[in-house]
Amino acid sequence: MEVRNLSKRFGDVQAVDDISFEVFGGECFGLLGPNGAGKSTTIKMMIALLNSDEGEVVIAGHPLSREPMRVRESIGYVPQMLSVDGVLTGYENLLIFGKLYGLRQAVREERIWEILKLIGLEEVAQRQVKTYSGGMIRRLEIGQAILHRPKVLFLDEPTVGLDPVARKAVWEHLETLRSHYRMTVLLTTHYMEEAEALCARIAIMNQGSIAALGTVQQLRDAMGNPAASMDDIFAYFAGDAENERGGIRDVTRSRRTARRLG
Amino acid sequence: MRGLLAVYRREMLLMQKKIGKLGYVFSSVMFPVIYLFAFGLGLGSRVEVSGGYVPFLAKGIISLTVMLNAFQQTSLSVSAGRLYQRTFQTIILSPVPALQIAGGIALAGMTRGLLVGGLIYGVAWLAFGVPALSGAAVTGLCLSAFCFAAFGIAVGLVIGDADEISLVNNFIITPMIFFCGSFFPMQNLPEALRAVLAVLPLSIANNLLRLEAWTIQAAGGAAVLAAMGCGFLWWGVRGLKQYDE
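The structure presented is a predicted model; accordingly, all values stated were derived computationally and were not measured.

## So, the overall build of chain A
Logical step 1: Within chain A, the regular secondary structure consists of 10 helices and 10 strands.
Logical step 2: Radius of gyration (C-alpha) of chain A: 18 Å, near the 18 Å computed for a compact globule of 262 residues.
Logical step 3: Partitioning the contacts of chain A with sequence separation of at least 6, the portion at a separation of at least 24 is 69%.
Logical step 4: Taken together, the 32 basic and 34 acidic charged side chains of chain A have centroids lying 7 Å from each other.

## Comments concerning the overall build of chain B
Logical step 1: When its secondary structure is counted, chain B shows 10 helices and 0 strands.
Logical step 2: Its helices and strands taken in sequence order, chain B reads α-α-α-α-α-α-α-α-α-α from the N to the C terminus.
Logical step 3: By the compact-globule yardstick of 18 Å for 245 residues, chain B fits well, its C-alpha radius of gyration being 18 Å.
Logical step 4: Looking at chain B as a whole, 51% of its 245 residues qualify as buried.
Logical step 5: Summed over all atoms, the accessible surface of chain B reaches about 10,700 Å², with 69% contributed by carbon and sulfur.
Logical step 6: Separation between the mean location of the 15 positive side-chain charges and that of the 9 negative ones in chain B comes to 10 Å.

## Description of empty space enclosed by the protein
Logical step 1: Tallying each qualifying case throughout the model produces 4 cavities of 30 Å³ or more.
Logical step 2: Considered as a void within the structure, the largest cavity measures approximately 70 Å³ in volume.
Logical step 3: Together, A:Ile75, A:Gly76, A:Tyr77, A:Phe97, A:Tyr101, A:Gln144, A:Ala145, A:His148, B:Thr90 and B:Leu93 line the largest cavity.
Logical step 4: Put simply, the parts of the chain that give the lining of the largest cavity at least two residues each are β6 (75–78) and α5 (134–145) of chain A.
Logical step 5: Broken down by element, the residue count for the lining of the largest cavity peaks at 3 residues, all from β6(A).
Logical step 6: In this structure, the second largest cavity encloses a volume near 60 Å³.
Logical step 7: Taken together, A:Ser83, A:Asp85, A:Leu88, A:Asn93, A:Ile96, A:Phe97, A:Gln144, B:Arg10, B:Thr87 and B:Thr90 make up the lining of the second largest cavity.
Logical step 8: Among the secondary structure elements, those contributing two or more residues to the lining of the second largest cavity are α3 (90–100) of chain A together with α4 (87–92) of chain B.
Logical step 9: Per-element tally for the lining of the second largest cavity: the top contributor is α3(A), with 3 residues.
Logical step 10: Class assignment of the residues belonging to the lining of the second largest cavity gives a composition of 3 nonpolar, 5 polar and 2 charged.

## Comments concerning the environment of B:Asp244
Logical step 1: Looking at the element boundaries, B:Asp244 is found in the segment after α10 (216–241).
Logical step 2: Discounting residues that sit within four places of it in the chain, B:Asp244 has contacts with A:Lys8, A:Leu49, A:Leu50 and A:Asn51.
Logical step 3: Here the side chain of B:Asp244 touches A:Asn51 through a polar contact of 3.1 Å, side chain to side chain.

## Let's talk about the confidence of the model for chain A
For residues with low pLDDT, the predicted coordinates do not support detailed interpretation.
Logical step 1: Residues of chain A with pLDDT of at least 70 account for 91%, and the chain-wide mean is 88.
Logical step 2: Taking the mean pLDDT of every element in chain A, the minimum, 59, falls on helix α10 (residues 248–260) of chain A and the maximum, 96, on α3(A).

## Details of the pairing of strand β7 (residues 152–156) of chain A
All names here are of chain A.
Logical step 1: In terms of burial, β7 is a largely internal element, 5 of the 5 residues being buried.
Logical step 2: What you see with β7 is no split at all: Val152, Phe154 and Asp156 on one side and Leu153 and Leu155 on the other are buried throughout.
Logical step 3: In terms of strand pairing, β6 meets β7 through 4 bridges, oriented parallel. Within β7, the residue paired with Val78 across the bridge is Leu155.
Logical step 4: Bridge count between β7 and strand β8 (residues 184–189): 5 bridges; the pairing is parallel. Its bridge partner being in β8, Val152 is matched across the sheet by Thr184.
Logical step 5: You can see the chain leave β7, run along helix α6 (residues 164–181) and come back into β8, and the turn it takes is right-handed.

## Some words on the packing of aromatic side chains
Logical step 1: Tallying each qualifying case throughout the model produces 14 aromatic pairs over all chains.
Logical step 2: With a centroid separation of 5.6 Å and 25° between ring planes, the pair formed by A:Tyr91 and A:Trp113 is classed as stacked. With A:Tyr91 in helix α3 and A:Trp113 in helix α4 (residues 105–118), this residue pair connects regions lying 22 residues apart in the sequence.
Logical step 3: Since its relative accessible area comes to 15%, A:Tyr91 is described here as buried.
Logical step 4: Aromatic rings pair up to connect B:Tyr35, B:Phe39, B:Phe178 and B:Phe183 into one cluster.
Logical step 5: Positioned above the aromatic ring of A:Tyr191, the side-chain terminus of A:Arg167 is 4.0 Å from the ring centre.
Logical step 6: Above the face of the B:Phe56 ring, B:Arg210 is positioned so that its terminal group lies 3.6 Å from the ring centre.

## Things to note about the pattern of salt bridges
Logical step 1: Applying the stated rule across the entire model yields 15 salt bridges over all chains.
Logical step 2: A salt bridge links B:Arg10 to B:Glu11; its shortest N-O distance comes to 3.2 Å.
Logical step 3: Relative accessible area serves as the criterion here: at 3%, B:Glu11 is assigned to the buried category.
Logical step 4: In this structure, a network of salt bridges that share partners links the residues A:Asp85, B:Arg10 and B:Glu11.

## Things to note about the side chain of B:Asn69
All names here are of chain B.
Logical step 1: With respect to the helices and strands, the residue Asn69 is situated in helix α3 (residues 53–83).
Logical step 2: Polar contacts involving the side chain of Asn69 include one to the main-chain carbonyl oxygen of Thr65, which spans 2.9 Å.
Logical step 3: Discounting residues that sit within four places of it in the chain, Asn69 has contacts with Ser28, Gly109, Arg112, Gly113 and Val116.

Parameters at a glance
Residues numbered from 1 in each chain as written. Chains lettered and ligands numbered in written order. Predicted model: local features only at pLDDT ≥ 70, side-chain atom pairs only at ≥ 80, totals over all residues. Heavy atoms only, no water. Helix = DSSP H or I, 4+ residues; strand = E, 2+ residues; numbered from the N terminus. Rg over C-alpha atoms; globule rule 2.2 N^0.38 Å. Contact = heavy atoms within 4.5 Å. Lys, Arg positive; Asp, Glu negative; His and termini not counted. Charge placed at Lys NZ, Arg CZ, Asp CG, Glu CD. Buried < 20%, exposed > 50% of the residue type's maximum accessible area, 1.4 Å probe, protein only. Areas by Shrake-Rupley, 256 points an atom, 1.4 Å probe, with all protein chains shown as cover. 1 Å grid on protein atoms, 1.4 Å probe; cavity = no way out; pocket = protein on both sides within 12 Å on 5 of 7 lines; lining within 4 Å. Points joined across faces, edges and corners; volume = space filled by probe spheres on them. Nonpolar A, V, L, I, M, F, W, Y, C, P; charged D, E, K, R; others polar. Polar contact = N/O pair within 3.5 Å; in protein donor to acceptor, adjacent residues only side chain to side chain. pLDDT = per-residue confidence, 0-100. Pairing = 2+ DSSP bridges. Right-handed = clockwise from strand over helix to strand, strands pointing away. Phe/Tyr/Trp six-rings, centres within 6.5 Å; stacked < 30°, edge-to-face > 60°. Lys NZ or Arg CZ within 6 Å of the ring centre and 35° of its normal. Salt bridge = Lys/Arg side-chain N within 4 Å of Asp/Glu carboxyl O.

What follows is the structure, given as structure tokens:
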């Protein structure tokens, strides 16, 4: 995956400012940053939910601007807000997605149950999703997004609103799925421990730009402090609280998601 | 077509789960039934209309029921899925073409509109002996369902919040309900107003609904209604293709 000179402006605010980076095949890559840093805007441009002002994205060899359908076939997306229908069962949600992605019945059924087993929801598949816990909902959303075996999986704040136990369970299942299906993963987060636990490399965004990019050790070396904690790294590269962006919409979205995940 | 059917299947599954809820049933069925009985019993023998007021009224109420349910199904599905959940975004990110997504949602709107319209017809037939609908009438209902389902998709894509859908209901849907020949013949209205109302889709649907057989006029009305529906669908597909958060 390659991002080249991506930019987006909303009125007077330069939400994403000429960023470029590369994600290697099979890697789990993190976009870290405070609220309003431009993480969600970046991910939405990468999956064509938002038009960029400038720049190009290439996913699995397909330029997004010229081959959007090929890109869509290659990606899965788990948004920050809920993307499953609560009144449907876990199985029904996966069934619909399998149909949307053109999976034939036999293949679809096999994959649905394979994924339900991998994400630990086999026993509750016939229950309505609204009866699931927050962590179970999140695991279902991840399972739904990878049903068609995408080459790249995008996750936007995958564990926001979850308690530490549920968060850890999501991490474990995500890592299982990633290594099982050899997917490339890009996730946005503002949880330092999540980025450290899951990501081979991290880009720290601040005010629309990439302030730092590398492995955790490389970031520590860039700070000149080989023993720096993730909090230290975050604060060093993105800890300008006075210029924190992200307004009521970000807060509303996070709180709504947290509330629905219980 | 597989994408269209997948989207349609999802909409129908969701509808099926909601059918047991009292509020959902009440809003879909009870209000038209109340109108039918209130005006039918209260005014029936006092209003002179060719063929009788009750059959006239019943067809008007069936027509507005189809309109309301088709429009509500699609406008709420798209707007709620877009604004309050992210199910809509995950569907448009799938490799299903925009036309098939719009088609699946519109088909679900038509299904709900025609099902509820059929229920109201059943009530009217049982309670008031309203005669069977002609081929032109059934065609008019189907085209009206398509037209307003497609309109609902386009509206669902442009509104910013729930208040804006109220604006559409208050300034477009509700005036059509009361002025487009559902409750009284449009001939009773001033000519200038009649000329404006005559081109609205509900007026055309009501005219078709009250025809006993196909005529050239009916064919023309059906063609106009179909064209309106295709126009709204094109607007919705364009909105899907240009969707930008």
